[in-house]
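Overview (structure and organization)
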Amino acid sequence: MLPRLVCKFPCLHEYATHVLGQSGGTFEFKGPLFSGMDIIATSDPLNFQHITTTHFTNYPKGQASRDIFHDVLGDGIINSDFDLWKFQRRMFQLSTRQHTFNFHSFVAKSLHQNLLNHFLPFLHHATQTQIQDITTTFPLRRNIKNLIFIFRSV
């Protein structure tokens with residue numbers, strides 16, 4: 001599987017979509033022996049719900065994952081386990097259920113503000129390579145931090 005994956009690297013997203021479609025939505029990738037690179041990928045909504053909410057405690061990320069992603073994700077809901085995750089999830093659900101909090105409006109305002117304050121000024125001084133880089137990473141860098149990390153732990 002690994003050589004095929006390397007050959008398909010330029011169109012990895014399309015290839016992953018094809019493999020997931022052919023395998024019924026869930027695919028197990030077996031890496032080289034003793035490499036620790038075995039991965040399960042899923043696009044099935046029921047499996048995703050099972051992993052991310054229903055039985056979240058069965059799938060801990062572990063300290064190694066938290067160390068790797070801490071600089072980008074901090075101790076936010078995506079990078080936390082167990083009690084911290086439950087607390088952050090509860091707080092996020094409470095905040096989105098309030099009548100005064102309109103989630104769609106928040107997303108639209110956040111995106112508009114980031115485009116005006118960060119993206120458009122950047123375009124005035126950027127090279128073509130920088131523009132290609134920022135257009136692929138802009139949504140991840142700005143919107144995920146604004147939406148997911150509302151409740152950062154201290």
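These figures come from a predicted structure and were not determined experimentally.

On to the packing of aromatic side chains, then. Aromatic rings considered in pairs are described by the distance between their centres and by the relative angle of their planes. If you walk through the whole model with that rule in mind, you get one aromatic pair. Aromatic side chains phenylalanine 56 and tryptophan 85 sit 3.8 Å apart centroid to centroid with 15° between the ring planes, which places their arrangement in the stacked category. Here phenylalanine 56 is found in the loop between helix H3 (45-54) and helix H4 (62-73), whereas its partner tryptophan 85 is found in helix H5 (residues 82-97), with 29 residues between them in sequence. Taken as a pair, phenylalanine 56 and tryptophan 85 share a single burial class, namely buried.

On to the confidence of the model for the protein, then. Here the protein averages 77 in pLDDT, while 82% of its residues score no lower than 70. This stretch, residues 148-154, has a pLDDT under 50; its non-local contacts, to residues over four places away or in other chains, come to 16 contacts.

Scanning the entire structure with this criterion turns up four salt bridges. When the shortest N-O distance is used, the salt bridge between aspartate 81 and arginine 66 registers 2.6 Å. With aspartate 81 in the loop between H4 and H5 and arginine 66 in helix H4, the pair connects residues that are 15 residues apart, well separated along the chain. By relative accessible area, which is 11% here, aspartate 81 ends up buried. Each of Glu28, Lys30 and Asp38 takes part in a single network of salt bridges with overlapping partners.

Glancing now at helix H2 (residues 12-22). Tyr15, Val19 and Leu20 are the residues of H2 that are buried. Angular distribution of buried residues about the axis of H2 spans 130°; they occupy a single face of the element. Across from the buried face of H2, at angles greater than 90 degrees, the exposed residues are His13, Glu14, Thr17 and Gly21. The first or second residue beyond H2 is glycine 24, which carries a positive phi of 80°.

About the criteria used
Residues numbered from 1 in each chain as written. Predicted model: local features only at pLDDT ≥ 70, side-chain atom pairs only at ≥ 80, totals over all residues. Heavy atoms only, no water. Phe/Tyr/Trp six-rings, centres within 6.5 Å; stacked < 30°, edge-to-face > 60°. Helix = DSSP H or I, 4+ residues; strand = E, 2+ residues; numbered from the N terminus. Buried < 20%, exposed > 50% of the residue type's maximum accessible area, 1.4 Å probe, protein only. pLDDT = per-residue confidence, 0-100. Contact = heavy atoms within 4.5 Å. Salt bridge = Lys/Arg side-chain N within 4 Å of Asp/Glu carboxyl O. Arc of directions from axis to C-beta.

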